[in-house]
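Examination of the molecular architecture
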Amino acid sequence: MLRCAFHIHTIYSDDGLIRLEGLRDQAKNLGITTLCVTDHNSIEGALRFQNQFPELQTVVGEEIYTKQGEVIGLFLREFIPPGLRVVDTVQAIRSQGGLVCLPHPCDERRPSTLKREVLAEIASEIDIVEVFNSRTFSQEYNQKAQVLCDQTGRVPVWGSDAHYPEEVGNAVFSMDPFHDGASFLTALRNAQLVTRNLTTIPMRARLRLKRKWGVYGPLTLPERLFLAWQRNVFRLMKGGFVTIQAVDLMCQELAKRLNKSAFRPDVVVGIAGGGLYPAYRLAHLLEVPYDAMRISYPQVRVGNMDTDDMMGAIFVRNALKGNTPQLHAFHSFDCQNRRVLLVDDDCTSGRTLRIGLGLLQAEAREIKTLTLRILAKSDPSPDFYFEDRRGSVFRHARFPWIKYSPYYQTYARFRDRWLCPGS
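Let me sum up the structure you'll find in this document. Note that the structure is a prediction, hence the values are computed from the model and not measured.

1. Observations concerning the sheet that holds strand β11 (residues 290-296)
Pairing between sheet strands relies on hydrogen bonds along the backbone, with the strands arranged either parallel or antiparallel. Taken together, the six strands give an open sheet; going across it, the order is β12-β11-β10-β13-β14-β15, and neighbouring strands pair in mixed fashion. Sheet topology places β12 (326-329) and β15 (384-388) at the edges, where each strand pairs with a single neighbour. When strand polarity is set aside, the average angle formed by the axes of neighbouring strands in this sheet is 25 degrees. In terms of strand pairing, strand β10 (residues 267-272) meets β11 through five bridges, oriented parallel. By the bridge assignment, Val269 is partnered in β11 with Asp291. Across the face of the sheet, helix α9 (residues 244-260) comes into contact with β13 (339-347), β14 (366-374) and β15 while running at roughly 130 degrees to β15. Of the strands in this sheet, β10, β11, β13 and β14 are in contact with helix α10 (residues 276-286), which crosses β10 at around 170 degrees.

2. Some remarks on the nonpolar core
Proteins that are soluble and globular tend to have nonpolar side chains buried together. Ranked by internal contacts, the top residues of the largest apolar core, which has 65 residues, are Leu35, Leu74, Ile128, Phe173, Met175, Phe184 and Leu188. At five residues, strand β1 (residues 2-8) tops the list of elements feeding residues into this core. For Met175, the contacting residues outside a window of four places in its chain are Met1, Leu2, Cys4, Phe184, Ala187, Leu188 and Ala191. If you look at the next biggest cluster of nonpolar residues, it comprises 38 residues, including Cys251, Leu282, Val288 and Trp401.

3. Remarks on the pattern of salt bridges
For side chains of opposite charge, pairing can occur when their charged atoms come near one another. Summed over all chains, the structure comprises 22 salt bridges. In this structure, Asp161 engages Arg110 in a salt bridge whose closest nitrogen and oxygen atoms are separated by 3.0 Å. Placement of Asp161 in strand β7 (residues 155-162) and of Arg110 in the loop between β5 (99-102) and α4 (116-122) is noted, with a sequence separation of 51 residues between them. Since its relative accessible area comes to 2%, Asp161 is described here as buried. Of the charged contacts in the structure, one is a salt bridge between Asp309 and Lys403, with a shortest N-O distance of 3.3 Å. Of this pair, Asp309 sits in the loop between β11 and α11 (313-321) while Lys403 is found in the loop between β15 and α13 (408-418), placing the two residues 94 residues apart along the sequence. One salt-bridge network, in which partners are shared between bridges, spans Arg19, Arg415 and Asp416.

Reading the values: rules and limits
- Residues numbered from 1 in each chain as written.
- Predicted model: local features only at pLDDT ≥ 70, side-chain atom pairs only at ≥ 80, totals over all residues.
- Heavy atoms only, no water.
- Pairing = 2+ DSSP bridges.
- Helix = DSSP H or I, 4+ residues; strand = E, 2+ residues; numbered from the N terminus.
- Axes fitted to C-alpha atoms, helices over the stretch in contact; angles between N-to-C directions.
- Contact = heavy atoms within 4.5 Å.
- Core = buried A, V, L, I, M, F, W, Y, C linked by side-chain atoms within 4.5 Å.
- Buried < 20%, exposed > 50% of the residue type's maximum accessible area, 1.4 Å probe, protein only.
- Salt bridge = Lys/Arg side-chain N within 4 Å of Asp/Glu carboxyl O.

Written out as structure tokens, the structure reads:
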């Protein structure tokens, strides 16, 4: 028998706080073998989870905002955009061979719940009714959903509606194995409820406090306060910050220069941490695959902060641990006989570029290097760069991936979704 959790939101939902690795860990701790990942208006999290953790069975779903309310599609292969009429959304689910589920169908406190007249329009197309939703405030609404399910003869399901890691196991049921939508529906008819817990008001309060403290984010509240102080000090010293939009413009200009050059990369490899975002953007603009390797200097870490996040700490780091960069993770893309563009953000000494070049030279046909800025004389010097700021090693504007940047939180969310985990 499988142990299944239905209606899970990851960080690919705008209000989801469950990282993919955290979802894997929670599932294993709770003995869950099957997960129905149903992010708001996205299937990216479900697809990535399915690819990264094949040991767990993943049903790719999407909770879709229609003009009249929310509908869940299961066993999807393609993203269905929000904002369509509900009948068109249901048809889009059906066209992929998917199943149609009504989430929290009787929860009158949610503006996203479909109205009765809308339900009547799609009644014949409904496969599954969520008869229990852990985030519904009143059991009365769940009881009404059960009555609706019984009256229509649809298949019932119990949903965690998990947005926080602690909510993943709120609704767990056992069911027979399945391999597609039809067999899932058959197995679900005979499913047995194992766990059913509501996300109570005290639990919601605890989760909100933990969120405010920063348990689910990249920085805790004390760290954010300390970094805000640093940010103000840096501004008093006439320091500036580069926006994410400015980095995008840099990458657009560099992509134009690359297109005008004789070098046509087959893959873009970013050096983490600072090279990840520009490498990702350049790969998208050049329409080639993106990959990453992690090379960094030894760090003095305090909580979630390291040397680069604390002004002046670089001198302590050099004294305690030296200033020789180290390889932590190599790329995974096959670069054999390919043209590779190796990307970093700043170039000062050229040490990280040199390590990256040494790792790739054995397999790549041709390698070119690119950085957004040159800050000092280096060996090697990058083949492509946006601007030469030599002589401004300590006075240059900080990029969004520096934690005391005002744009770091936005960057961190993007990184967790689209770049290398944990970078």
